[in-house]
Structures are given as C-alpha cells and as structure tokens.
Amino acid sequence: MSHHFKETPENAITQSGIARVIPCKELDIGDPIKWLSLGLRDAMRTPVLTAVYGVMFAVIPWFIMYLVEMTGWHLVIMPAIVCFMLVGPFLAAGLYDISWELEKGHKPSFLHSLRSMRRNAVNEWGFGILLMVMMIFWLRVASLIHALYPSNIETTLQSLMPFLVLGSIVGAGFTMLMLFITAFTQPILMERKVDLATALLTSVNAVWVNKITMLIWGAIIFTAVVIGFVTQFIGFIVLMPLIGYASWHAYIDAISTKRLRKYE
C-alpha cells in the first residue's frame with residue numbers, strides 16, 4: 001500500500017517557485033498490479049461504456065496506420081506509436097470520469113464522461129495544446145532522423161538498423177519525459193480547480209519521488225501499446241480502457257487527497 005508523507009519531500013521541483021506542488025505519497029513497487037486489478041473491476045462494472053471507449057481507442061491508431069499506408073512512409077510507424085502515447089492521456093479523460101463516478105457511488109454515463117473536460121476547461125484545453133505541441137515537436141525530430149537515411153541504399157534490416165536504433169533511443173527518452181509530464185496531470189485537472197503549472201509540477205514531482213514504481217507503470221503502459229499494435233489494434237479495445245481506469249486509481253494513490261477510499 002502507498003504511504004502518506006507528512007509533508008512533501010523537499011527537492012528542486014518543490015522549491016522551484018514556479019507553482020504550488022500538491023503533496024504526494026510514497027508508492028510501493030507492487031502498487032501498479034493493484035491499480036490494474038481496480039481498473040479491471042471498473043471495466044467489469046461498466047462493460048458498455050468500456051467497449052465504447054475501447055473501440056474509440058482502437059479506431060484512432062488504425063487511422064494513423066491507414067495514413068502511413070497511404071503515404072508509404074513506413075519509418076513513421078515508431079513516431080506514430082509515440083504520438084498515440086502522447087494523445088492517450090488527453091483522450092482518457094472520459095475513462096477517469098467513469099472511475100471517479102464509480103468511486104462516488106454514482107452511475108456513470110457516456111454524456112457525463114464527455115463533459116468531464118468542462119470542470120477545469122481552460123487548463124485542460126491548455127494541457128491538450130501542450131500535448132499537441134510536444135507531438136509536433138516529436139514529429140519534427142523524427143523527420144530529421146528520417147532525413148539522415150540515404151535514399152539510394154538497399155532497404156534491409158541491416159541498413160535500417162542504425163536509424164532504428166537512433167530513433168528508438170530518442171523515442172525512449174522523449175517517452176520518459178512525457179511520463180513525468182502526463183502521469184497525473186489530467187486527473188489532477190479534472191478533480192481539482194488548479195492551474196496547469198501546478199498540475200504539471202505535481203505530476204513531475206510524484207513521478208520523481210516514486211521513480212521505480214512509475215517506471216514499472218510506464219513499462220506496463222508501453223507493453224499495452226505494443227500489444228495493441230501487434231494485434232492490429234484489436235487489443236486496444238480491452239487494454240486502453242483498463243489502463244485508463246487503472247491510471248485514475250494510480251492518481252488517487254499517488255497524490256494526497258482529503259477523500260478516503262472505501263477499499264483502503
């Protein structure tokens with residue numbers, strides 16, 4: 001189980017003075033498994049809503065790959081995966097709302113989940129714009145890597161390997177940065193009337209304080225994305241709602257709140 005801090009540990013993030021940092025908790029290594037089990041419970045309690053969001057999450061990457069096939073630019077497959085991981089937290093707002101409604105003892109609805117972004121609209125849309133900017137930045141970096149690839153050599157695994165390795169290293173670093181930024185920002189903005197800077201710094205601080213646990217959680221999310229792509233996006237119908245619900249429970253475990261959970 002996670003442990004409450006009596007006060008937020010002092011570090012460069014909490015002392016930056018940029019914005020308030022909401023206190024976080026110390027997480028256990030096994031907490032990601034608990035989040036998944038709670039997410040599965042939410043999915044089983046709302047099968048129709050889960051299926052609707054699952055199909056939405058499957059259609060989006062299918063459309064991305066359709067564009068890849070249309071353009072013939074197959075080296076954008078890895079950037080497309082990262083882009084999907086960038087947009088995912090923003091699109092998962094509806095899933096967070098469903099878990100939140102269940103936690104409050106309410107009956108979730110699709111319309112209510114769609115309205116979830118209106119609770120803190122300015123800052124939530126600001127977060128969406130930030131994700132878009134980061135996505136565009138990544139695509140520009142991927143374009144530069146692609147520009148290094150000579151067009152006059154044979155397309156073999158051996159010839160592609162240096163560029164695949166470079167792209168993987170850069171993509172991994174960028175994904176790690178986005179884990180810090182996006183891990184808890186969206187649910188913070190949904191539950192609390194705080195500004196975007198406060199939500200971002202709180203997310204970064206919570207991930208930094210719980211590096212090992214959050215690395216495990218990030219690896220689980222990445223594995224789910226890979227499975228989804230390997231299964232031609234069919235896996236996303238089940239995996240993305242599960243990750244979305246579990247992410248809400250991760251937030252409740254990681255960030256200090258006055259609310260008490262029934263299962264704690």
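Residues numbered from 1 in each chain as written. Predicted model: local features only at pLDDT ≥ 70, side-chain atom pairs only at ≥ 80, totals over all residues. Heavy atoms only, no water.

K.L.:
Help me out: how do you make sense of the overall build of the protein chain in this one?
P.N.:
When helices and strands are counted, the protein chain shows eleven helices and two strands. Ordering the α and β elements of the protein chain from the N terminus gives β-β-α-α-α-α-α-α-α-α-α-α-α. A buried classification covers 50% of the 264 residues belonging to the protein chain. In the protein chain, the share of contacts with a sequence separation of at least 24, taken over all contacts with a separation of at least 6, comes to 74%. In the form shown here, the protein chain has an accessible surface area of approximately 13,400 Å², with 72% of it arising from carbon and sulfur atoms. (Helix = DSSP H or I, 4+ residues; strand = E, 2+ residues; numbered from the N terminus. Buried < 20%, exposed > 50% of the residue type's maximum accessible area, 1.4 Å probe, protein only. Contact = heavy atoms within 4.5 Å. Areas by Shrake-Rupley, 256 points an atom, 1.4 Å probe, with all protein chains shown as cover.)

K.L.:
Would you mind showing me how to read the environment of lysine 211 here?
P.N.:
Among the secondary structure elements, lysine 211 is positioned in helix α10 (residues 211-230). By relative accessible area, which is 36% here, lysine 211 ends up partly exposed. Counting along the chain gives 182 residues from lysine 211 to isoleucine 29, while the straight-line C-alpha distance between them is 9.8 Å. One polar contact links the side chain of lysine 211 to the main-chain carbonyl oxygen of tryptophan 208, over a distance of 2.8 Å. (Polar contact = N/O pair within 3.5 Å; in protein donor to acceptor, adjacent residues only side chain to side chain.)

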